[in-house]
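What follows is the residue order along each chain.
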Amino acid sequence: MKRIHLLLAAAPLALAAPAFAQEASPQSDAAAKEAPKEQAKEVFSTGVAKGRDRLDSATSTSVLKADEIQKLGARSLAEVLRNIPGLRVESSSGEGNSNYTIRGLPLASGGSKWMQIQEDGLPVMEFGDFFGVASDIFIRADFNLGGVEAIRGGSASTFASNSPGGIINLISKTGDVEGGAVQLTTGLDYGEQRFDFDYGSKLNDTLRFHVGGFYRTGEGPRDIGFNGYRGGQIKFNVTKELGSGFIRAYGKYLDDRSPQYMAVPLKISGTLDKPVYQAVPNFDIGHDQLLSQNINSVITLDGNNQPARFDTRDGMHAKAKSIGLEAQFDLAGWSISERARFSKTSGGVVRNLISTVNTASALATSLGGAGATLKYATGPLAGQAITDPSALNGNGLLAQMLLIKYDIPSLDNFTNDLRASRVWKVGDGNLTLTGGVYKSLQTLNTNWLYTSTVQDVVGGGNAALVNVFNAAGVAQTQDGFNAYSLTAASGLYRRTFNVDYDVTAPYGSVNYHIGKIAVGGSLRYDIGDVRGQLIGSDLGGGRAGITSVDFNGDGSLSVAERRTAFLPLATPAPVNYDYRYLSYSAGINFRIAEPLAAFARYSRGARANADKILFTPMVSTTSGALLDSDNGYDVVKQAEGGLKFRKDGLTLNLTGFLADVEDTNLQSGGVTTGRMYHAYGLEFEGAIRRGPFSLTAGATYTDAEIRSDAVNAAVKGMTPRHQPSFIFTAMPQVETRWFTVGANLTGITESYALDVNQLKMPGFTLVDAFVQFRPTDRLQVMINANNLFDTVGFYEIAQNTVPANGIGWGRSANGRTISASVKLDF
C-alpha cells in the first residue's frame, strides 16, 4: 500500500502495533478515523506459540513503534530499550556494552545475561553477556527498524534459548509500506553528523523489497578529542508473497566504530547514606572521558605473541555480515515457519579502565619510590618535566589505567528456528499445538590484551600519558606504559578463548481457548555441547606469564618492557563439556470483559553459563569437563499474575512478579562464585490519548536480596548492587497537524554501589525533550535534547566506602546533548 501521511505518530508507545508493524507517519483525517479500529486488536508474536491479541495471552508484553523511537532522540540502543517497563538498563557506556536486566534478576555482569536481544526473531548472539563484547555492540536502531517487541518472563524461556527473563525483538521493515525517507542529523552542542535513509516498494503484485541504513561521523556525546564515531550499516530484504504465506531473504552489513565510555574520576565526601559526589577540577563528569587524542595506541603482544599496536580510536569496532531466510506457509493444515541466519561477526573493543586514582606525588611514589619524578610522555608537552605535581591540571591527580584491547577474530554464529502450528476445533473452543526445533552454532574467539599506563586527569580529550622516573633518574615507564600486562608481576587475565557452542533445543506447546478462558503450557529442552580450548597464564599448572620484549627497538630492555605478558601458546587447556536443562511454562488467561483480562503464569527457565565458568575451577584444565554438571547453567523460577485493560484510547497493565534465581558469575572481588537471589515486585504500564494529548508511562517496584553466596557469606540478606527499589518512565506529548512537542522522563531511586550495602548511589531522573515541526506533508524538522537539564546521575561507583583521600571513580549518565534533524519523506 502507498505510504500515507497521518497524524498517528503520537500513538502511545505502550499500545502495541501488529507484529512486524511498519513506520507510521502523519496521516490524513480520514485515516486517523480508522485508527481506533486498528487498535481494537493488538497482535503480539514474539516469544509465544502463535500471534494473538494481548488481552487473550497470559504474558506481559510491550511494543515500541518506529515513529515513537525516533522521537526519543536516543544516542544508543540502550536508551531506546530503557523505555520498556520492567527493564533496568545502565545506558552510559556508549553505543554498546550496556548492562541490561529485568524484573529484579541480578545485574551481575555486563551485557544481557537473562534476556535475549533478537533481530527479526533470531538472537544477535546466542549469549548476550560475553565478557567485554556484549551482543548490543552488533545491532543498530536506524530507519530499518519497524518496531520493538518485548516479552518479560512468561513463555520467553520456552520459545527462545538462554532467555529466562525475556526477549527483546527488533523487527525490520519489509517494504509493505511503499515509500521512503532521508534524514540529516547534526549535533548542535556535540560532534556528530549522521545520514539515515530507507526505501520500500512493491516490484509487482507478489514481490516487494526494503533497503535502508545510516552513516555517521563525529566526536560523539563526550569530549574525547577525536572522531570516536565512524561508520554505519546497510540492510535489505526481499519478500515474495505466496498463496498462504511468504518467503523472505535479507542481509546486513555493519562496520561501525564508537567509543566505550568507562568510569571517570570524582570527589566523594559525606556519609555512606548521604554521600556527596562532585567533579574534580578541569574534568566534567557528564561530558568528559579519560580517552584522548594524545593516547593513540594499545601496545602489546597480540594473540600470537607478536608485537602489535592497536588504535585506541577504534573503540568498540563492530563488523557484521549477515544473510538470512524467513518463510511462512501452510502445509496439510499446519502453519510452518522457518527462520535461518548466518552472521560473520568480528571486530574489537578498546577500554581505558581506571585501576587507581591518587595525587600525582603519591602515585609517582607508589611506582617509582621516594624521590620519584614525572615527565609528560605524549601530547604537546611530551618530554617536559612536571615540576609541581600538586598543581597538575588544577587537580593534582594522576590515574593508573588498564588500557585494554579485546581482540575479536570471530563471534560467528548460525541460528535456525523451524516451527509448525495447527489449530483444531475442539468442542466450543480452539486447540493449538505447536512444535519446533531450534539450532544454534556460536563461536567465541577473543583475545584479552591488557596493558598498564599512567596518565593525567583532564577533560576535553586532552589527557596525556606520563612517565615516572625513580630518584636515580631511571624510567619506570616507557612512553607512559607502566607494564605491557595487567600487573608488573604476572600475566593475569592475558587470555585467549577459542570455543564453539552447539545448541539444539526441541520445544512444544499446547493452548486451548474457549470463550473467555485461554489456558496453555510449553516445554523446551536445551542440549548444549561446548568444545574448544583456552590459553592463559592464569590457568595454573606452572604456566609462565611474563617475559621481556623490546617494543621500541632501541636494543635495550626498559623496566616496562620487562613486564610483558605473553600467552603460553604451547600449553592450551581443553574445553569439553555438555549441559542439558529443561524449561517449562504454564499460564491461564481470563477475558473478564471485552476490555479487561486477568492472567497468571508460572515458569522455569535457565541460562547456560557460557564464558563465565571458563578460566575457573568449575572446568577441569586437564579434561575440559565440568566438575559439577549443575555449573553448566543457572535456573530461574518465576511466578507472575496481573490485570490488563484496554478501551477508548486507554491502556492499563498491572503485573506482580516473583523470582528465584541462580547466578554463577565474576563478582566484584574478582572471584567467580555461585549465588542465589530472590526478588518480587510490581510492574505497571499505561497509556492514554485524549485529542492531541497522549501519555505513556511505566514503573517497576522491586524488592530483591541475595539469599546465599558460595564464597562470601557476608553478603547474605543484602540488596544486590545497583538495584533501585523503583524505576519509571513517562512520555507526555501533544501533537497537531503542524507540530509535535513532548518529553521523555526516565528515573531510578537510590541503590547500593556494591553488594556489601555500604556506599549508596543517589537516585536521579533524566529528562529528554523533542519538538517536531512539519511545514509541509513530506518535510519534518526535529530538535532533540537528551538529558535536557544536564543531570549528573551514576550507574556505577567503584568504591564501597567514602575514600580516605576523597577520590573515587564512577560511571555516569551522559550530559546534555542537543541535535537537529531534517527529514524528507517520499
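Rules used throughout
The residue count restarts for each chain, going from 1 along the sequence in the order it is written. Confidence filtering applies because this is a predicted model: local features only for residues at pLDDT of at least 70, side-chain atom pairs given and counted only at 80 or more, and all residues used for totals across whole chains, interfaces and linings. Derived side-chain values reflect all non-hydrogen atoms in the structure, with water molecules and hydrogen atoms excluded from consideration. Counting from the N terminus, the helices are the DSSP runs of H or I reaching at least four residues and the strands are the DSSP runs of E reaching at least two. C-alpha atoms define the radius of gyration in this analysis, and the globule rule sets the expected value at 2.2 Å times the number of residues to the power 0.38. Each residue is placed in one exposure class: buried if its accessible area under a 1.4 Å probe, protein chains only, is under 20% of its type's maximum, exposed if it is over 50%, and partly exposed if it falls in between. The contact criterion used throughout is that any non-hydrogen atoms of two residues lie within 4.5 Å. The accessible surface values rely on the Shrake-Rupley method and a 1.4 Å probe; as for residues, cover is taken only from the protein chains in view. In this count, Lys and Arg are taken as positive residues and Asp and Glu as negative ones, while His and the chain termini are left out. Where a charge lies is defined by one atom per residue type, namely NZ (Lys), CZ (Arg), CG (Asp) and CD (Glu). Note on definitions: the grid is 1 Å and covers protein atoms alone; a cavity is a set of points where a 1.4 Å probe fits but cannot get out; a pocket is an open set with protein on both sides within 12 Å along at least five of seven lines; lining residues have an atom within 4 Å of a point. Grid points are joined across faces, edges and corners, and a volume is the space filled by probe spheres set on the points. Only Asp, Glu, Lys and Arg are considered charged, only Ala, Val, Leu, Ile, Met, Phe, Trp, Tyr, Cys and Pro nonpolar, and every remaining residue, Gly among them, polar. Just to be clear on terms, a salt bridge is a Lys or Arg side-chain nitrogen sitting within 4 Å of an Asp or Glu carboxyl oxygen. Paired strands, as defined in this entry, are two strands with at least two bridges between them according to DSSP. Working convention: axes come from line fits to C-alpha atoms, limited for helices to the stretch in contact. Angles between N-to-C directions cover 0 to 180 degrees.

Draft legend 1. Local environment of the overall build of the protein. Along the backbone of the protein there are five helices and 46 strands. A compact globule built from 826 residues would reach a C-alpha radius of gyration of about 28 Å, and the protein, at 27 Å, matches this within 12%. Put simply, the protein has 826 residues, and 60% of those count as buried. In the protein, the proportion of contacts linking residues at least 24 apart, taken out of those at least 6 apart, comes to 70%. Split by element, the accessible area of the protein, about 28,400 Å² in all, is 58% carbon and sulfur. Here the protein holds 76 positive side-chain charges and 79 negative ones, and the gap between their average locations is 3 Å.

Draft legend 2. Focus on empty space enclosed by the protein. Considering all chains together, one arrives at 18 cavities of 30 Å³ or more under this definition. If you add up the space inside the largest cavity, you get close to 550 Å³. Looking at the largest cavity, it is lined by 29 residues, and the ones nearest its centre are Gly73, Ala74, Ala141, Arg194 and Asp196. At the level of elements, α2 (66–72), α3 (77–81), β11 (179–187), β12 (191–204), β13 (207–220), β43 (779–786) and β46 (817–825) are the ones that each hand at least two residues to the lining of the largest cavity. When the residues that make up the lining of the largest cavity are grouped by side-chain class, the tally is 13 nonpolar, eight polar and eight charged. The calculated volume of the second largest cavity comes to roughly 270 Å³. As for the second largest cavity, its lining consists of 26 residues, and the residues nearest its centre are Val89, Ile727, Gly747, Ile748 and Tyr795. Elements that contribute at least two residues to the lining of the second largest cavity include exactly β4 (87–90), β37 (693–709), β38 (726–735), β39 (739–748), β42 (764–776) and β44 (794–797). For the lining of the second largest cavity, the leading source of residues is β4, giving four residues.

Draft legend 3. Structural detail: unusual backbone geometry. Positive phi is not limited to glycine here, since Asn97 has a value of about 60°. Of note, Asn97 is situated in the loop between β4 and β5 (99–102). Residue classification places Asn97 among the buried residues on the basis of a relative accessible area of 8%. The phi angle at Asn787 is positive, at roughly 55°, despite the residue not being glycine. Structurally, the position occupied by Asn787 is in the loop between β43 and β44.

Draft legend 4. Examining the pattern of salt bridges more closely. A complete count under the given rule lists 46 salt bridges for this structure. Close ionic contact of Glu640 with Arg103 constitutes a salt bridge, the shortest N to O distance being 3.0 Å. Within this pair, whereas Glu640 is found in strand β34 (residues 633–647), its partner Arg103 is found in the loop between β5 and β6 (111–112), the two being separated by 537 residues in sequence. In this structure, Glu640 and Arg103 share a single accessibility class: buried. Between Arg607 and Asp129 there is a salt bridge, and its shortest N-O distance comes to 2.7 Å.

Draft legend 5. Structural view of the sheet that holds β44. The antiparallel open sheet is built from four strands, whose spatial order is β17-β16-β45-β44. Two strands in the sheet have a free side with no partner beyond their single neighbour: β17 (275–278) and β44. Averaged over all neighbouring strand pairs, the angle between strand axes comes to 45°, with direction disregarded. Bridge analysis of β44 against strand β45 (residues 807–812) gives three bridges, and the strand direction is antiparallel. Bridge pairing in β45 places Phe794 opposite Ser812.

Draft legend 6. Highlighting the pairing of strand β16 (residues 264–270). Judged from the four bridges that link them, β16 and β45 form a sheet pairing that is antiparallel. Paired with Val264 across the bridge in β45 is Gly810. Sheet topology places β16 next to β17; four bridges connect them, and they run antiparallel. When the sheet's bridge partners are listed, Ile268 is paired in β17 with Tyr277. Taking the residues between adjacent antiparallel strands as the criterion, β16 and β17 are bridged by four residues.

Draft legend 7. Spatial organisation of the environment of Ser163. The topology assignment puts Ser163 in the loop between α4 (156–159) and β10 (166–172). On the basis of relative accessibility, which here comes to 0%, the residue Ser163 falls in the buried class. Between the C-alpha atoms of Ser163 and Asn296, which are 133 residues apart in sequence, the distance is 39 Å. Here Ser163 is in contact with Trp114, Gln116, Ala156, Ser157 and Ala606, once residues within four sequence places are set aside.

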